[in-house]
Amino acid sequence: MHMPLQDTLGLNLLAANQHQADHNRDHFNAWRLLCINVMSSPGAGKTSLLERSLASLASDLAMAVLEGDMTTQLDAQRLEAVGVPVVPITTGRACHLDAAMVSGGLKLLQQRLDPASLDLLWVENVGNLVCPAEFEVGEHRKVALLSVTEGDDKPLKYPVMFREAHCVLITKTDLLPHLPVEVERIEAHIRAVNPRCTVIRVSASSGEGLDSWHGWVRAQQRAVCDPKASTGSPARASAASPSLVLS
Amino acid sequence: MHEVDMTRCLLLSMNQWKQRHAPHTPRVRRVHLQVGTFTCVEPQQLLTTWRAAVQGSWLEGVGLVIDTVPLVGRCVVCNGTYKPDPGQAYRSPCCDHPLEEIVSGRELRIRSVEYSLDTATDFTPANPLTTAAAV
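These numbers were taken from a predicted model, which means no experiment stands behind them.

Q: It is not clear to me how helix H1 (residues 3-19) of chain B should be interpreted in this structure. Could you clarify?
A: Helical geometry note: an α-helix holds 3.6 residues per turn, so side chains three or four residues apart project in the same direction. The terminal C-alpha atoms of H1 of chain B lie 24 Å apart, and with 17 residues this matches the ideal 24 Å at 1.5 Å per residue to within 8%. Considered for burial, the residues of H1 of chain B that qualify are Glu3, Asp5, Met6, Thr7, Cys9, Leu10, Leu11, Ser13, Met14 and Trp17 of chain B. Where H1 of chain B is buried, its residues contact strand S1 (5-12) and helix H1 (15-30) of chain A together with strand S1 (27-36), helix H2 (43-53), strand S2 (63-69) and strand S6 (108-116) of chain B.

In structure tokens form, the structure reads like this:
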């Protein structure tokens, strides 16, 4: 009689996604390209913020956007109007982007331009405070948005999202005078679950905090793409761009 | 319903694991997972999607055992461990410090696979939940 066997794997449950995410990141690194994954609940202001940031940062950073949306290309059209290449990724029923979807978006982007000519790739995720937190897409940095209209309890209700973020943007601060919300309490709850992240108050309407936010973005771009350079413009990749292979 | 995508990842890993035993096809009894409570995974949803996903596949009838791992934090002020409470904003009860270090609770892991390479071995369905669903 054969005894039952047992293999101890200790393998990441999301190993298949993680493998593809690591593959994407390898390409970003080869292209010396910072990838930022922007996440929030629906309506927190991701697209409005990107409209402002793309327009402001375009003077010194070459950028493109992978735009995740469940059903429409409305956000992609808004961002394309800013003059930045945008690849829409329509997820259908999926409530988050995964690494394979982003890989597919990269292949479409490669048909339009050489990614090595870019400094920064934005991934605007599907509006959702739960699922995107667990699915890496190959990003170097995760940014979570929380609008003041959502209330101060969301970091406690959706702690994984805010724990995972490198930077949390408190958006729509121009509305604070009209709301019974204490922004200090929102900040305290963010820092309770993630004391190490950067927290910036911003308003895409009034422009409050955008300089700080853009300063953070530029600093991450330098740190990831040109870590040896202390000043000056970030270097571009000069090597031939590797072709992307979907694994 | 991200548990669907998580199940898809799990099946891909299981198919890769199966290939390691080629030309034999291992007969799997149970797959053991570790899922932390500080993740976005609902274990019951994962069981439901697993039962649906394995129907008609080489894993049909295989039990999925999910060990839940509690969230435990370490207070970086006094070095003591504690169970963070959302009602207390996850702060340490000893020093009222934010949740800086997580000791456990972020696990999303395929821990082990119970199987046999002997086709004569009698494997009865192992997971009562899976068995109930099959009925």
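Q: I keep staring at the sheet that holds S1 of chain A and nothing clicks. Help me out?
A: Within a sheet, adjacent strands bond to each other through the backbone by hydrogen bonds, running parallel or antiparallel. The strand order across the open sheet built from four strands is S1(A)-S6(B)-S1(B)-S2(B), with neighbouring strands paired in mixed fashion. Only two strands of the sheet have a single neighbouring strand rather than two, namely S1 of chain A together with S2 of chain B. The average undirected angle you get between the axes of adjacent strands in this sheet is 20°. Sheet analysis places S1 of chain A next to S6 of chain B, joined by six bridges and oriented antiparallel. The residue bridging asparagine 12 of chain A from the neighbouring strand is arginine 109 of chain B, located in S6 of chain B.

Q: How do you make sense of the interface of chain B and chain A when you look at a structure like this?
A: The parts lose accessible area when they come together, and the size of an interface is often stated as this lost area. Chain B puts 38 residues into the contact, and the matching count from chain A is 32 residues. For the pair chain B and chain A, the summed buried area comes to about 3200 Å², and 63% of that belongs to carbon and sulfur atoms. The largest share of the area that chain B buries against chain A comes from Cys40, Leu108 and Tyr115 of chain B, three residues that together contribute 16% of it. Counting across the interface, chain B meets chain A through four salt bridges. Notably, a salt bridge pairs arginine 106 of chain B with glutamate 134 of chain A, separated by 3.1 Å at the nearest N-O pair. Put simply, chain B and chain A have 19 residue pairs in polar contact (both at pLDDT 80 or more) between them. Going through the elements one at a time, H1, strand S5 (101-104) and S6 of chain B are the ones with two or more residues in the side of chain B that touches chain A. At eight residues, S6 of chain B tops the list of elements feeding residues into the side of chain B that touches chain A. Across the side of chain B that touches chain A, the residue classes break down as 22 nonpolar, six polar and ten charged.

Q: Looking at this model, I keep getting lost on the packing of aromatic side chains. Mind explaining?
A: Working definition: an aromatic ring pair is given by the centre-to-centre distance plus the angle between the planes. Residues and elements named next belong to chain A. For the structure shown, the criterion picks out five aromatic pairs over all chains. Relative to tryptophan 213, the ring of tryptophan 122 has its centre 5.9 Å away and its plane inclined at 50°; by these criteria the two rings are tilted. Of the two residues, tryptophan 122 is situated in strand S5 (residues 120-124) and tryptophan 213 in helix H8 (residues 210-225); the sequence distance between them amounts to 91 residues. Of the two residues, tryptophan 122 and tryptophan 213, neither departs from the other in class, the shared state being buried.

Q: Sorry, what's going on with the packing of H1 of chain B against H2 of chain B here?
A: The axes of two packed helices give the description: the angle between them and the distance between them. All names here are of chain B. Axis separation between H1 and H2 bottoms out at 9 Å; the angle between their running directions is 55°. Considering their axes alone, H1 and H2 lie oblique with respect to each other. In terms of crossing hand, the pair formed by H1 and H2 is right-handed. Listed contacts from H2 to Glu3, Val4, Met6, Thr7, Leu10 and Leu11 of H1 are Gln45, Leu46, Thr49, Trp50 and Ala53.

Q: Is there a simple way to explain the layout of surface pockets in this structure?
A: Unoccupied space between atoms shows up once a probe the size of one water molecule is rolled over them. By volume, the second largest pocket is sized at about 280 Å³. The wall of the second largest pocket is formed by 15 residues, among which Pro159 of chain A together with Thr37, Phe38, Thr39 and Tyr90 of chain B lie closest to the centre. In terms of residue class, the lining of the second largest pocket is made up of eleven nonpolar, two polar and two charged.

Each value, and the rule that gives it
Residues numbered from 1 in each chain as written. Chains lettered and ligands numbered in written order. Predicted model: local features only at pLDDT ≥ 70, side-chain atom pairs only at ≥ 80, totals over all residues. Heavy atoms only, no water. Helix = DSSP H or I, 4+ residues; strand = E, 2+ residues; numbered from the N terminus. Expected span 1.5 Å × (residues − 1). Buried < 20%, exposed > 50% of the residue type's maximum accessible area, 1.4 Å probe, protein only. Contact = heavy atoms within 4.5 Å. Pairing = 2+ DSSP bridges. Axes fitted to C-alpha atoms, helices over the stretch in contact; angles between N-to-C directions. Buried area = accessible area lost by both parts, 1.4 Å probe. Salt bridge = Lys/Arg side-chain N within 4 Å of Asp/Glu carboxyl O. Polar contact = N/O pair within 3.5 Å; in protein donor to acceptor, adjacent residues only side chain to side chain. Nonpolar A, V, L, I, M, F, W, Y, C, P; charged D, E, K, R; others polar. Phe/Tyr/Trp six-rings, centres within 6.5 Å; stacked < 30°, edge-to-face > 60°. Parallel < 35°, antiparallel > 145°, perpendicular 65-115°, else oblique. Left-handed = near helix turned anticlockwise from the far one by under 90°. 1 Å grid on protein atoms, 1.4 Å probe; cavity = no way out; pocket = protein on both sides within 12 Å on 5 of 7 lines; lining within 4 Å. Points joined across faces, edges and corners; volume = space filled by probe spheres on them.

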